Amino acid sequence: MIKLDSKVPEGKLEEKWTNHKFNMKLVNPANKRKYDIIVVGTGLAGASAAASLGELGYNVKAFTFHDSARRAHSIAAQGGINAAKNYQNDGDSVYRLFYDTVKGGDFRSREANVYRLAEVSNNIIDQCVAQGVPFARDYGGLLDNRSFGGALVSRTFYAKGQTGQQLLLGAYTAMNRQVNLGTVKLYTRREMLDVVVVDGIAKGIVVRNMLTGEIEKYSAHAVILATGGYANTYFLSTSAMNCNVTAIWRAHKKGAAFANPCFTQIHPTCLPVHGENQSKLTLMSESLRNDGRIWVSKIKNDMRKPNDIPEEERDYFLERKYPTYGNLSPRDISSRAAKEAYDDGRGAQGQEAVYLDFQEAINRLGKKVIEERYGNLFEIYQTITGDNPYEVPMKIYPAPHYTMGGLWVDYNLMSTIPGLFVAGEANFSDHGANRLGASALMQGLADGYFIIPYTIGNYLAGDKPILVQTDHPEFNKVQKEIEDFISKLLSIKGKKTVDDFHKQLGRIMWNKVGMGRNEKGLKEAIEEIRQLRKEFWKDVNVVGVSNDVNQCLERAGRVADYLELGELMALDALNRNESCGGHFREEYQTPEGEALRNDEEYTFVSAWEFKDVGKWELNKEPLEFESIKLATRSYK
Amino acid sequence: MSHQKLNLTLKVWRQINAESRGTFEEYKVAVSPDSSFLEMLDDINNELERKNLEPITFESDCREGICGTCGLVINGQPHGPIPRIATCQLHMRNFKEGDTIYIEPFRAKAFPIIKDLMVDRSAMDRIMEAGGFISVNTGSVPDGNAIPIPKDIASESMDAASCIGCGACVAACKNASAMLFVSAKVSQFALLPQGQPERYRRVESMVKVMDEYGFGSCSNTYACEAECPKGISIKNIARMNRDYFMAKLKTENLEA
Ligand SMILES: Cc1cc2nc3c(=O)[nH]c(=O)nc-3n(C[C@H](O)[C@H](O)[C@H](O)COP(=O)(O)OP(=O)(O)OC[C@H]3O[C@@H](n4cnc5c(N)ncnc54)[C@H](O)[C@@H]3O)c2cc1C
Ligand code: SF4
Ligand code: FES
């Protein structure tokens, strides 16, 4: 049994972080360079942490499997980043952002963490502007905002449809500056394959050099994992091809509890699947829902072209079901509504798709305004589908997009392994059972710029961890384990490809651990995944050798991990006998088909402790709501 | 959506490592027009793996034209025949039944081939590390709205900042010049008030490293702009040249 101590500071919600910052121990500036910190991942969370820690004077080693830090998946975020600036004078505040995030997360997140997130959100915008991030401006030259799902205020900052790119490049340039100054040493094309834990404390990592295949060892006083989410468990998702769970999964197997693995976000506005050989799904930014209207035909199996369906035969189902939020209803709710329409036989031209229509907006605002707002998104759409969205409504459908679950962390963002910190999408911390749009970028940068630099100092000054050399027996043991794991993969020489297994797993996950889940399906999923895992280790063919560039081997290692994680996702979903946020258990719904929470029994974080492959123990962190009253989430 | 598959002949560059000599290998495929170019390569790789043959090494990640990881020379053109998209955004409906397609890596002295279609573009990061930033530490910055920036300036800066660091401009240039890439970053900051304090020092440091890594000089043929997936304008090169000239004047003044 792991002891879960959230370490949430005492005191009033609004004062917790300020007091905590004051009470934390500080490292003497002259001693900072004597501390080595490993940061794995150079996305928003990792690059911002590496840059800030470097600025403070620590000795940082930053790792990424990409060839360049700039390619982290954060680069792909389109829509924007939230902050409680209230520049629009529309009634926003730190408290409102906090409230919206807790409510959006369906009351399954930790109040104190979320409040802190809302609190530092404003600093992020200032920081990014100072770095030269070219946010959109209005005619007066001030920062412009737009609205995102789940909010009635306009608090989203954006840089065209490329917000993630610009924010990541901001963090990347800040980190590059430290590389230039020598405080950050960058290790690219390195895949972390394990953490090294000595006497229960994280002391370093073992990585594979992806060019030479060499297994390398690195030690440090503290390790930060900022390795992103695990939506690729579904094979088809909006994540980049190489996003994977390996770093946090291997840490989980070394003792870090995995929290809320079943909380996955299925994003409502993605491009529908085109065929068997599809490699990934493309997100169309949620910002499109500001002006686009979502509908299907009122008639079942209606094969007419969308423009031939008259107005009175269209069902604008989000506007109908949720008049207050309409097309801007939160993601989980919008996705489920689309699935409902499809299940009812009313998918767009019989496909797994619904329409996203801009005709009304074009008539109201003119084509030019729409082009200015969404021009590049429309271009992307046309490039991929061959259809022109100025003339024909887009076809969209939900797809796996984000994972709220991740390694369990306390208020200091430390996992259950002392010395191992987790930032960004890789931790479970702020989004509960559903993440609001434009909040992941905010969280990644909050963690990296403004939280970890403080809390890690507190750990170093308070716990005084010592550096273990890489010739320590534990390092050698882990190295040997990795080498054996790789040899084993290469020696199977079976008949199926790595992709075959990944696709098969993806289908199980999508059908049974996807938008709608039920006891029977989840039990089947667990059995099927176990079976598939067995088959993988008997029948996969990993071509090539270990001491060379070997993408097949890289993928095989990742899929091996998904085949274990997938089971835990299903187990967690089975265990949670309620519907909340992205986790919809068909047995638990209101007569109108809305999610039915069970606050009495499930107001907790599930933190799973690894015992053996396919064996876990459940630990619960109870969630207490002091500031916000638990309420049924309504967007009507 | 059309369901008629296209029959194509692919000639793919295969090269075991940097030292070895590469050759074109031929593959016959039947592919759906809705498939993307890289999905077609995924398919071939799965077929190769099934026969226990080494799959084709090529890089990609986002497959949405934003991360800059992908990059193939397709029938002699970096990122293929369609303007203003990256390789990963190219779809097979742009090819015809019976076509032969040549697929090669980006070639430039500063981009050594690692394996097959995978090249080493890390020299571009070295240029960025030399000066492609604004020197501010975390915290202690003014309010985001403290300095208004005219909308058109902000969006011109944004256009320059759209560069995805793919290196197609280098691969397209007969001199393997990185001017378009470097000038995009230089311009993003040169246009903004935040970028002014380091404006001249920045351009000088970046150009110095660019020269060290063996990128060629610019001879104004504009092949870079034509192949750039983000439509980065060569106006940026002119701006960078001006700034570089000013920088030289200033340092010479100082040294005098
Ligand atoms: C298409 C899309 C659009 C989005 N749009 C928005 C939006 O508009 N607003 C918003 O707020 N959020 C958005 N999100 C979500 C958001 O982009 C991500 O949650 C966020 O960027 C994650 O940042 P990160 O730093 O945690 O991880 P990432 O950016 O995924 O970075 C992970 C890093 O870890 C490295 N890494 C991983 N594993 C290893 C390993 N084993 N060894 C070495 N290195 C490793 C990778 O190389 C990479 O550098 C979007 C997501 C997608 C998919
Ligand atoms: S300037 Fe264009 S071609 Fe060159 S690296 Fe940037 S995006 Fe690629
Ligand atoms: S794979 Fe990211 S730009 Fe092509």
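Model, not experiment: these values are computed from the prediction. (Residues numbered from 1 in each chain as written. Chains lettered and ligands numbered in written order. Predicted model: local features only at pLDDT ≥ 70, side-chain atom pairs only at ≥ 80, totals over all residues. Heavy atoms only, no water.)

*Asks:* Even after reading the chapter, I still don't get the overall build of chain A, so can you show me in this structure?
*Replies:* Looking only at helices and strands, chain A features 16 helices and 19 strands. Here the C-alpha radius of gyration of chain A, 24 Å, is about what a compact globule of 636 residues would show, namely 26 Å. Counting the 636 residues in chain A, one finds 69% classified as buried. Taking all contacts inside chain A whose residues are at least 6 apart in sequence as the whole, residues at least 24 apart take part in 74%. Total accessible area computed for chain A in this model is approximately 21000 Å², and 49% of it derives from carbon and sulfur atoms. The average position of the 80 basic charges and that of the 81 acidic charges among the side chains of chain A differ by 3 Å. (Helix = DSSP H or I, 4+ residues; strand = E, 2+ residues; numbered from the N terminus. Rg over C-alpha atoms; globule rule 2.2 N^0.38 Å. Buried < 20%, exposed > 50% of the residue type's maximum accessible area, 1.4 Å probe, protein only. Contact = heavy atoms within 4.5 Å. Areas by Shrake-Rupley, 256 points an atom, 1.4 Å probe, with all protein chains shown as cover. Lys, Arg positive; Asp, Glu negative; His and termini not counted. Charge placed at Lys NZ, Arg CZ, Asp CG, Glu CD.)

*Asks:* Looking at this model, I keep getting lost on the interface of chain A and chain B. Mind explaining?
*Replies:* It is common to give the size of an interface as the accessible area that goes away when the parts come together. Facing the 77 residues of chain A at the interface are 72 residues of chain B. The junction of chain A with chain B conceals about 6300 Å² of combined surface from both sides, 47% of it contributed by carbon and sulfur atoms. Together, A:Arg71, A:Arg137 and A:Arg177 form the three largest contributors to the area buried by chain A at its contact with chain B, with a combined 10%. Across the chain A-chain B interface, the total number found is 8 salt bridges. Here A:Lys160 makes a salt bridge to B:Asp159, at a shortest N to O gap of 2.9 Å. Taken together, the connections running from chain A to chain B amount to 53 residue pairs in polar contact (both at pLDDT 80 or more). Tallying contributions element by element places helix 5 (residues 163-181) of chain A first for the side of chain A that touches chain B, with 9 residues. Its residues assigned to classes, the side of chain A that touches chain B shows 29 nonpolar, 29 polar and 19 charged. (Buried area = accessible area lost by both parts, 1.4 Å probe. Salt bridge = Lys/Arg side-chain N within 4 Å of Asp/Glu carboxyl O. Polar contact = N/O pair within 3.5 Å; in protein donor to acceptor, adjacent residues only side chain to side chain. Nonpolar A, V, L, I, M, F, W, Y, C, P; charged D, E, K, R; others polar.)

*Asks:* Help me understand the domain arrangement of chain B, please; the structure alone is not making it clear to me.
*Replies:* Residues and elements named next belong to chain B. Here the domain parsing of chain B yields domain 1 (6-114) and domain 2 (122-136 + 144-255). Here domain 1 and domain 2 have C-alpha centroids that lie 29 Å from each other. With both chains or domains summed, domain 1 and domain 2 bury close to 1400 Å², and 61% of this area falls on carbon and sulfur atoms. Ranking the residues of domain 1 by area buried against domain 2 places Pro78, Arg84 and Phe111 at the top, with a combined share of 34%. At the surface where domain 1 touches domain 2, the tally comes to 0 salt bridges. Between the two partners, domain 1 and domain 2, sit 2 residue pairs in polar contact (both at pLDDT 80 or more). When the residues that make up the side of domain 1 that touches domain 2 are grouped by side-chain class, the tally is 10 nonpolar, 5 polar and 3 charged. (Domains from an automatic or database assignment.)

*Asks:* Honestly, the domain arrangement of chain A in this entry has me stumped. Any pointers?
*Replies:* Residue and element names in this part refer to chain A. Splitting chain A by domain gives domain 1 (35-263 + 404-463), domain 2 (281-398) and domain 3 (492-592). Across the boundary between the two partners, domain 1 contributes 30 residues, which contact 33 residues of domain 3. Note on domain 1 versus domain 3: buried area summed over both sides is about 2700 Å², and carbon and sulfur give 57% of it. It is Thr233, Tyr234 and Cys262 in domain 1 that bury the most area against domain 3; as a group they hold 26% of the surface buried on that side. On inspection of domain 1 and its partner domain 3, the count reaches 4 salt bridges. Across the salt bridge formed by glutamate 191 and arginine 558, the nearest N and O atoms sit 2.9 Å from each other.

*Asks:* Sorry, what's going on with the site of ligand 2 here?
*Replies:* Near ligand 2, the surroundings consist of 13 residues, among which B:Cys163, B:Cys166, B:Gly167, B:Cys169 and B:Cys228 are the closest. Within the shell around ligand 2, the residues separate by chemical class into 11 nonpolar, 2 polar and no charged. (Near = heavy atom within 4 Å.)

*Asks:* What exactly am I supposed to notice about helix 6 (residues 199-212) of chain B here?
*Replies:* Every α-helical turn comprises 3.6 residues, leaving residues that sit three or four positions apart pointing alike. All names here are of chain B. Under the 1.5 Å per step criterion, the end-to-end length of helix 6 is 21 Å for 14 residues, consistent within 8% with the ideal 20 Å. Listed in full, the buried residues belonging to helix 6 are Arg199, Arg202, Val203, Glu204, Met206, Val207, Val209 and Met210. Downstream of helix 6 by one or two residues, glycine 214 has phi in the positive range, about 85°. (Expected span 1.5 Å × (residues − 1).)

*Asks:* I keep staring at the site of ligand 1 and nothing clicks. Help me out?
*Replies:* Residues and elements named next belong to chain A. Neighbouring residues of ligand 1: 36 residues in total, closest His73, Ser74, Met192, Glu425 and Leu441. One of the backbone N or O atoms of alanine 45 is found 3.0 Å from an oxygen atom in ligand 1. Contacts to ligand 1 include methionine 192, whose backbone N or O atom sits 2.7 Å from a nitrogen atom. With the chains in place, 98% of the 1000 Å² that ligand 1 exposes on its own is no longer accessible. Contributing elements (two or more residues each) for the shell around ligand 1: helix 2 (44-56), strand 6 (190-198), strand 15 (394-403) and helix 11 (440-463). Per-element accounting of the shell around ligand 1 gives the leading share, 3 residues, to strand 6. Its residues placed into classes, the shell around ligand 1 shows 16 nonpolar, 16 polar and 4 charged.

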